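# Chain and residue survey
Chain by chain, the residues run as shown.
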Amino acid sequence: MAGDLEAKVEELRSALHRANHRYYVLDDPEISDIEYDEMMRELVAIETEHPDLVVPDSPTQRIGAPVGEAFAPVTHLQRMFSLDNVESEEELEAWQARLTRALGREPSAYVCELKIDGLAVSITYENGVLTRAATRGDGTTGEDITANVRTIDAVPLRLQGEPPELIEVRGEIYMPVSAFDQLNARQAELGERPYVNPRNTAAGSVRQKDPAKTAERSLSIWLYQMGQVTGGPTFASHWDSLQWLAELGLRVNPASKRIADLDGVEAYVTAAVKARHGNDYEIDGVVVKVDDLAEQSDLGYTAKSPRWAVAYKLPPEEKTTTLEEIRINVGRTGAVTPYAVLDPVFVGGVTVTNATLHNEGELHRKDLRPGDTVIVRRAGDVIPEVVGPVLSRRPDGLPEWHMPANCPFCTNPIVLPDGQAKAKCTGGFTCPSRLREYLFHFASRGAMDIEGLGYKTVDMLLNEGMISDPADIFTLDRDVLLGFEGWGEVSVNNLLGAIEAAKDQPLARLLTALGIDHVGGTVARALAAEFLSLPALMAATEEDITAIDGIGPEIARSVAEWSQDGDNIELVRRLDEAGVRLADPEPEEREAEATLLAGLSFVVTGTLDGYSRTDAKAAIEARGGKVTGSVSGRTAALIAGASPGSKLAKAEALGVPVLDEDGLDHLLVAGPEALVE
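Residues numbered from 1 in each chain as written. Predicted model: local features only at pLDDT ≥ 70, side-chain atom pairs only at ≥ 80, totals over all residues. Heavy atoms only, no water.

## Considerations on the pairing of strand 13 (residues 335–347)
We count it as follows: Any two strands with at least two DSSP bridges between them are considered paired. Here a strand is any run of E in DSSP of at least two residues, a helix any run of H or I of at least four, and the numbering for each starts at the N terminus.
In terms of strand pairing, strand 12 (residues 317–330) meets strand 13 through 7 bridges, oriented antiparallel. Bridge pairing links leucine 323 to leucine 342 in strand 13. Sheet analysis places strand 13 next to strand 18 (residues 423–425), joined by 2 bridges and oriented antiparallel. Opposite valine 336, over in strand 18, you have alanine 423 as the bridge partner. Sheet analysis places strand 13 next to strand 14 (residues 350–356), joined by 6 bridges and oriented antiparallel. Its bridge partner lying in strand 14, valine 347 is registered against valine 350.

## What about the pairing of strand 19 (residues 601–605)?
Successive side chains on a regular strand alternate, one facing one side of the sheet and the next facing the other. For clarity, the threshold we go by: Remark: exposure states derive from per-residue accessible area (1.4 Å probe, protein chains only) relative to the maximum for the residue type, with buried under 20%, exposed over 50%, and partly exposed in between.
In terms of residue burial, strand 19 counts as a mostly covered element, since 5 of its 5 residues are buried. Every second residue of strand 19 is oriented toward a common face, with Ser601, Val603 and Thr605 on one face and Phe602 and Val604 on the other, all of them buried. In this sheet, strand 21 (residues 635–640) lies alongside strand 19 in parallel orientation, the contact comprising 5 bridges. By the bridge assignment for strand 21, valine 604 is matched with isoleucine 639.

## Some points on the sheet that holds strand 9 (residues 257–259)
The strand order across the open sheet formed by 5 strands is 2-11-10-3-9, and the pairing between neighbours is mixed. Two strands in the sheet have a free side with no partner beyond their single neighbour: strand 2 (85–86) and strand 9. As paired strands, strand 10 (residues 283–290) and strand 11 (residues 309–313) are joined by 5 bridges and run antiparallel to one another. Looking across to strand 11, one finds that valine 288 is bridged to valine 310.

## Section: the sheet that holds strand 4 (residues 119–126)
What counts here: Angles shown run from 0 to 180 degrees and are taken between the N-to-C directions of axes, each axis being a line fitted to C-alpha atoms and, for helices, limited to the stretch in contact. Residues are treated as being in contact if the distance between any of their heavy atoms lies within 4.5 Å.
Strand order in the open sheet formed by 4 strands is 5-4-7-8, and the pairing between neighbours is antiparallel. Strands at the two margins of the open sheet, each flanked by one partner only, are strand 5 (129–135) and strand 8 (220–230). Each strand axis lies, on average, 25° off the axis of its neighbour in the sheet, ignoring direction. Sheet analysis places strand 4 next to strand 7 (residues 166–174), joined by 8 bridges and oriented antiparallel. Each bridged residue has a counterpart across the sheet, and for tyrosine 125 the counterpart in strand 7 is isoleucine 167. Docked against the sheet, helix 8 (residues 238–247) engages strand 7 and strand 8, running at close to 110° with respect to strand 8.

## What to know about the packing of aromatic side chains
Aromatic rings in a pair are described by how distant their centres are and how their planes are angled relative to each other. Short version of the rule: What counts as a ring pair is set by centres within 6.5 Å for rings of Phe, Tyr and Trp (its six-membered ring), and what kind of pair is set by the plane angle: stacked under 30 degrees, edge-to-face over 60, tilted for all other angles.
Counted according to the given criterion, the structure contains 10 aromatic pairs. Taken together, a centroid distance of 6.1 Å and an interplanar angle of 80° make the contact between tyrosine 301 and tryptophan 308 edge-to-face.

## Considerations on the state of the cysteines
Filter applied, for reference: In what follows, a disulfide is any cysteine sulfur pair within 2.5 Å.
According to the stated counting rule, one finds 0 disulfides in the structure shown. Its sulfur unpaired, cysteine 431 is 3.8 Å from the next cysteine sulfur, which belongs to cysteine 407.

## Things to note about unusual backbone geometry
A positive phi angle, close to 55°, is found at aspartate 367, a residue other than glycine. Within the secondary structure, aspartate 367 is located in the loop between helix 11 (360–366) and strand 15 (373–378). You will see that histidine 518, though not glycine, has its phi angle at about 70°, which is positive. For histidine 518, the position within the fold is in the loop between helix 17 (507–513) and helix 18 (521–531).

## Here we look at helix 3 (residues 89–103)
Where we set the bar: Under the convention used throughout, the expected extent of a helix is 1.5 Å for every residue step, that is, one less than its residue count.
Between its first and last C-alpha, helix 3 extends 21 Å over 15 residues, near the 21 Å set by a 1.5 Å rise per residue. Of the residues flanking the end of helix 3, it is glycine 104, one or two places downstream, whose phi is positive at about 85°.

## Observations regarding the environment of alanine 637
You can see alanine 637 is positioned in strand 21. Looking at alanine 637, the relative accessible area reads 0%, which means it is buried. Sequence separation between alanine 637 and valine 604 is 33 residues; the distance between their C-alpha atoms is 8.8 Å. Setting aside chain neighbours within four positions, we find alanine 637 in contact with Ser601, Phe602, Val603, Val656, Pro657, Leu659 and Leu675.

## Comments concerning the side chain of lysine 289
Filter applied, for reference: Here a polar contact means two N or O atoms within 3.5 Å. Within protein one must be a hydrogen donor candidate and the other an acceptor candidate, and residues neighboring in sequence count only if both atoms are side-chain atoms.
Structurally, lysine 289 can be placed in strand 10. With a relative accessible area of 4%, lysine 289 lands in the buried category. Here tyrosine 224 takes part through its backbone oxygen, which lies 3.2 Å from a polar atom of the side chain of lysine 289. Ignoring any residue separated from it by four or fewer positions in sequence, one finds lysine 289 in contact with Ala109, Tyr110, Val111, Glu113, Tyr224, Gln225, His238, Trp308 and Ala309.

Structure follows, in structure tokens:
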């Protein structure tokens, strides 16, 4: 009897898996909804009565238990690279020319795929069963979103045919335009705020804490690439691998095509531009790949992108709308920036309501006036731009806009300093807008690096009266934080842990965080190296500061004025009282530090947020290390920032440790131990 029941359950599951595949992947149902519902009810009844028969890939298990406070990190089996972009036929032809030079011949064929505007994910199947799904993250590590991805009907819980022992596939989760429109229609009926665009809504839906919420959003997916495969067939071309993915029951976009030459690729792109709004999903480009896998292998990768693939970004879209109002924002230095408040317009894949106007001079150069019909442009992730007014549609007598005499946030005068393009609020940190930006800057990665203290949290703490300057950050009350909606033990512990760690940041980071005019990372490190402590710097004269190599009179004057300000003196006293380190190691400790990296060679590449290449080199050499220009087997570590180039690939091939900017910070303190942790 037990064997008969198990066979019946397996029969029902197989039939339901097949029905799901026909309906959600092939869009070609072979049974009626009534038949499907009857089989599902029968399977649910059996599994309810015999819970020992429930398996993770059963069609009844689409929605799992709510996920925890945070999404766990997941290391991808193979790195998920980003793509380099081209934006014209000339750039596409230049890309092909590079391929031809590298291969010694033109690539044998290409595959063109629509670039879906969604959320990149990696999904792993083991013996045909979905076991894990993760966001792209930084390409190496993403977030575990398995429970939520299991709710997406277009993602099979079990593969068809003869699946391999293990396969990791890459795809793009998206919200169909029709589903997005229906969702916003429901929002309107409820009198609630509409969602901005399908892409952001899809990304937010995938990261819901409750998978049942994800299931309500009608998400879908297109799969476009194999990652790691164990025990599967081998292929000569990317195109053949796509056909195999489809045979396994994975949803592969039928718009993808294998194309023989670049003329065909350009024709595909032209057609995609014309039909960009003709599908039930948003696209933001065309991905062009070399089809032959052996040629892909020969071409290899740069530090961040495959050389054998490129994304042809669709041209920016322009729309007209009404410039309803010009408002101003006050930044952390007091600089006043005008911005446009627009009648909402959907352009370049998002609904645009605001756009920067840079400064009053630029605003007048374009002759923008509230009430104008204006042209708005946006492409990809670029900040929306107001191109200019449509003068033929300007109402008669429309007045010019001028900077207000007083700050709307604090009522203090706004002035335009001699020789500067941007006006300034004179209210100091009594201006709530400036204070908000200052606190965000203080906690940012290039400064005190307090993870979790972004705009949303800063706004909450300001609104609740918990902070009024940076020193207050270090005295936050744990019990009070726990009383706020949405703040549990994990989030509070994470924030307070990051704040505690920030107390021991190097002096240069503290100087950067304090927002002194003209003091960025490079100047801050020079000041820290010379004076060793904040009190010593504040006691220095302008002449003392100007004597430092690379420090001019304008910087020296700014530092001296900041140091003599009574509010700043009180702030530093309170930071010291809160346990924030105001000094770097004393000379005796520096002597030991000078040999910390003795005998070790390093290579620095790419762009670092908090260091120039020269600064990083100087910091390593100050600790006895050596910085060379090329990676070899003798290199102790590669320090890699953004866009690291070919040196990263060489380091990975040689097994040389790779450190990011945080790793460099740790190396400069811990020495060789940082290379083995």
